[in-house]
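Now for the letters of each chain:
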Amino acid sequence: VDVEDLSLPPDLRRMDDEFADTGICQQFLLDAGRSEFLLPGQRLSFRAEVEASGISLEENALAIERMLRDFEKRLVDALLRCLGEGVPTILVQAISRAMSQSGMANLEKASQAPQIVVSGGDQTLSYELIRLSGRSWAVKASMRKYNFEQFVVVGEASLNDPGQVQVMDCHSSSHIVRSSTVVFEALPIADRRSGVTIAVDVRDVVDRVEL
């Protein structure tokens, strides 16, 4: 549905994501500082760069902000360079959206397990872009939550009545792992303004919750 939306005018789309003229999803930029990105021949991690710099957010927030803006620009440039000149905008939109929290949210919605909100702990997010052919790319997205000792199971009852929400304890070794590989292929089509449609194939879904 989300990829289908990309072929519609913005006012007719069912999603709320915004895109730059280059096709880069705004959520992709918002998530840049808290995710790791593996592009062909290149690894980009803002967290790793901050740790290597020795600068702390508490001591120099302005320097961290400048570093983040520079990181976002380098990340966008690297992604567009990987996709190549003349890449259809709709393909940039689909791939950059998949490499963000918007894409991860789709994975969580598709999960058969109850929605779980953890309290505290740590989280890692990583996105890997793999070139399969000149017009076909795979995005491997993975999320891991760990080091938490409390959680809430969010169900229909708790959504309708917040008083039904119950915080539950768990072992510190508890963890949640979700990942998937999504293949995007640009195919020519005559009846679209862009002349291109995107075929999507979801593979290798992992949905593991151990509490």
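Residues numbered from 1 in each chain as written. Predicted model: local features only at pLDDT ≥ 70, side-chain atom pairs only at ≥ 80, totals over all residues. Heavy atoms only, no water.

Here we look at unusual backbone geometry
- A positive phi angle, close to 60 degrees, is found at Asn-147, a residue other than glycine.
- Using a relative accessible area of 45% as the deciding quantity, one classes Asn-147 as partly exposed.
- In the Ramachandran plot, Asp-204 falls in the positive-phi region, its phi being about 50 degrees despite a non-glycine side chain.
- As for its placement among the helices and strands, Asp-204 is situated in strand β9 (residues 196-210).
- A relative accessible area of 58% places Asp-204 in the exposed class. (Buried < 20%, exposed > 50% of the residue type's maximum accessible area, 1.4 Å probe, protein only. Helix = DSSP H or I, 4+ residues; strand = E, 2+ residues; numbered from the N terminus.)

Some remarks on helix α5 (residues 89-98)
- In terms of burial, α5 is largely enclosed, as 9 of its 10 residues are buried.
- Buried within α5 we find Ile-90, Leu-91, Val-92, Gln-93, Ala-94, Ile-95, Ser-96, Arg-97 and Ala-98.

Brief notes about the packing of aromatic side chains
- According to the stated counting rule, one finds 3 aromatic pairs in the structure shown.
- Between Phe-28 and Phe-37, the ring centres sit 5.3 Å apart and the planes meet at 70 degrees, which makes this aromatic pair edge-to-face.
- Given the relative accessible area of 1%, Phe-28 is considered buried.
- Each ring, one from Phe-37 and one from Tyr-127, has its centre 5.8 Å from the other, and the planes form 25 degrees; the classification is stacked. With a gap of 90 residues between them, Phe-37 in strand β1 (residues 36-39) and Tyr-127 in strand β4 (residues 122-133) connect regions that are remote in the sequence.
- Counting every residue linked through ring pairs, the aromatic cluster contains Phe-28, Phe-37 and Tyr-127.
- Lying over the aromatic face of Tyr-146, Arg-144 brings its terminal NZ or CZ to 4.1 Å of the ring centre. (Phe/Tyr/Trp six-rings, centres within 6.5 Å; stacked < 30°, edge-to-face > 60°. Lys NZ or Arg CZ within 6 Å of the ring centre and 35° of its normal.)

Quick notes on the pattern of salt bridges
- Taken as a whole, this structure holds 11 salt bridges when the rule is applied.
- Across the pair Glu-49 and Arg-74 runs a salt bridge whose closest N-O atoms are separated by 2.7 Å. Of the two residues, Glu-49 is situated in helix α3 (residues 46-53) and Arg-74 in helix α4 (residues 61-83); the sequence distance between them amounts to 25 residues.
- With a relative accessible area of 26%, Glu-49 lands in the partly exposed category.
- The class for Arg-74 is partly exposed, based on a relative accessible area of 31%. (Salt bridge = Lys/Arg side-chain N within 4 Å of Asp/Glu carboxyl O.)

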